[in-house]
Amino acid sequence: MTSKEELQSRINQWIEDHKEQMIQDAIELVQIKSVSQKNEGGFPYGTGCAKALDTALKMAQRMGFETENQDYYSGTAYLKGKTKKQLGVFGHLDIVPEGDLANWDFAPYDAVYKNGYILGRGSSDNKCPAVASLYALKCIKDLEIPMEHTVMMYFGCDEEAGMSDIVHFLENRKAPEFSFTSDGRYSLCCGEKGILTAKLTTDLSGSNLVGIWGGQASNMVPDYAKAVIRGVDAEELSGKFPELKVTEQEDKTVLAEATGIAAHAAFPEGSESALRKLASMLAAADILDEKGQRAAAFLSEGFQDYYGTGLHIDFEDEIVGKTTAVGGAAYVEDGKLTQLLNVRYALRADQEEMIENLKRTCGEYGFEVENLKNDPPMYMDLENPCVQILHETANEFLDGTYTPYVMGGGTYARKIPNAVAYGPTTRKIDATNPLVYGEGHQPNEGMKLTDMTTGIRIYVNALIRLDELLKIKRSKEEAPKEGM
């Protein structure tokens, strides 16, 4: 047996020996409801995220790693190398809300291992991948594989709600020489669409459309929505639209409810927005006054598809394809309707034109654009030697058919210099390959155990090879030049 074969055999045996403990560690994290809640309980992202971070850092300490808590913005664990130069592995512990429980076949936070999957909200996005990443570092440590670089494992707490955690981290620390985040598919994500978010608001005060509410986050297609209307006949509305659940309230208002199918805002295909569905029916019912009718028409026509057509921001390019535009959560406070907007736009979109079109279209319906945030796209050159190493390593331990891709999802890689998203999901997006359980942001979320174990194998080898590649590169750069 060659030394290479021997190393792989030792890695495989180590994974097998630690698999049960890894399952228990992952379940412990998934059981924690860690939706980012800004400044709740005295923590930057709330008590749930703080508990998840404490739990992850205790796991790392149990494994023998030095850890650091960055004031509960994030945490880090370190596999010490011969030098202080770093490679980075990034994961996050915050999750999106569970959505409508009626769409779940099991309790989102009663995490279990079943049918080869760890089940629960946040299992695939991103707690199980983060646990697998930590175990990859533990494998290198236990097998005493020498590393030139120190490997830093990062646990974030605000990835789903703005990434202020990674901004805080990079304001206070230097980024590693090269990093990957375990928040994607193989072979690797070399590009991410730009992300634009905003609050689209209008005045509903005095309208017979008292309010419309739905969804729980900006980056989720709403699977439930409700509206309260004054001065309408409940029976007549129900007769026109039997899909709606219509109930007359004690104060003589009517409650109309609709259900849909949730999805991540970056991958909305196959979903159904309950908000758009409800707004379309209300707009067609001829029961709303001018203010209410205009608002319902906007929610219906502005979000007529998932590609920004109704907002006139439907840019696309040959690199990442179409822009996606999703109306996430909507709510009414003090007579003001707010619709959260989440746009994932093409790399070559004209950003100024896109924003101008959005503002103009919203204005035509009486909506204002507030709190607009624009996070430009990222793209990593496929000729980068580190990128090539990751791609080749993934295919060596898979079936050899995986290719680099670009996506609408946003990961820490868009914020970190010299970084890409890298696994651990092995499933290829294919209509002929249906999901057994939901993916990130979907009901019935689950993480396949074999993706975790394969991920450890790939990550261990990738880190070893990146370490050697950058060591050689640096030695060449530092070598004396002839004639000097």
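Located above this text is the structure these notes cover.
A few points on the structure. (Residues numbered from 1 in each chain as written. Predicted model: local features only at pLDDT ≥ 70, side-chain atom pairs only at ≥ 80, totals over all residues. Heavy atoms only, no water.)

The next subject is a negative patch on the surface. A cluster of like negative charges, contributed by Asp350, Glu352, Glu353 and Glu356, occupies part of the molecular surface. By secondary structure assignment, the location of Glu356 is in helix H8 (residues 351–364). (Patch = residues over 30% accessible without salt bridge, like charges linked within 9 Å, V, L, I, M, F, W, Y side chains within 5 Å. Areas by Shrake-Rupley, 256 points an atom, 1.4 Å probe, with all protein chains shown as cover. Salt bridge = Lys/Arg side-chain N within 4 Å of Asp/Glu carboxyl O. Lys, Arg positive; Asp, Glu negative; His and termini not counted. Charge placed at Lys NZ, Arg CZ, Asp CG, Glu CD. Helix = DSSP H or I, 4+ residues; strand = E, 2+ residues; numbered from the N terminus.)

Our next topic: the side chain of Asn342. Following the sequence through the fold, Asn342 ends up in strand S18 (residues 336–345). On the basis of relative accessibility, which here comes to 3%, the residue Asn342 falls in the buried class. Looking at Asn342, its side chain comes within polar contact range of the side chain of Ser218, at 3.2 Å. A polar contact of 2.6 Å, which involves the side chain of Asn342, links it to the side chain of Arg344. (Buried < 20%, exposed > 50% of the residue type's maximum accessible area, 1.4 Å probe, protein only. Polar contact = N/O pair within 3.5 Å; in protein donor to acceptor, adjacent residues only side chain to side chain.)

It is worth spelling out unusual backbone geometry at this point. In this model, Tyr186 is joined to Ser187 through a cis peptide bond whose omega is 10 degrees. When you line up the elements, Ser187 lands in the loop between strand S8 (184–185) and strand S9 (189–192). In the segment running from Gly423 into Pro424, the intervening peptide bond is cis, with an omega of 10 degrees. On the secondary structure map, Pro424 appears in strand S23 (residues 424–425). Not every positive phi belongs to a glycine, and Asp286 is a case in point at roughly 60 degrees. Mapped onto the elements of the fold, Asp286 is located in the loop between helix H6 (274–284) and helix H7 (290–301).

This brings us to the pattern of salt bridges. Evaluated as defined, the whole model comprises 23 salt bridges. Here Lys19 ties to Glu16 by a salt bridge, and the two come within 3.3 Å at their closest N and O atoms. Of this pair, Lys19 and Glu16 both sit in helix H1 (residues 3–30), separated by 3 residues, roughly a single helical turn. The closest approach of N and O atoms between Glu445 and Arg121, which form a salt bridge, is 2.7 Å. Here Arg121 lies in the loop between strand S5 (117–119) and helix H3 (123–142) and Glu445 lies in the loop between S23 and strand S24 (446–448), a separation of 324 residues in the sequence.

With that settled, the discussion passes to the environment of Ala295. If you trace the backbone, Ala295 turns up in helix H7. The exposure class of Ala295 is buried, given its relative accessible area of 2%. In the structure, Ala295 is positioned 94 residues away from Thr201 in sequence and 9.4 Å away in space, judged by C-alpha atoms. Discounting chain neighbours no more than four positions away, the residues touching Ala295 are Thr202, Leu204, Leu337 and Phe367. (Contact = heavy atoms within 4.5 Å.)

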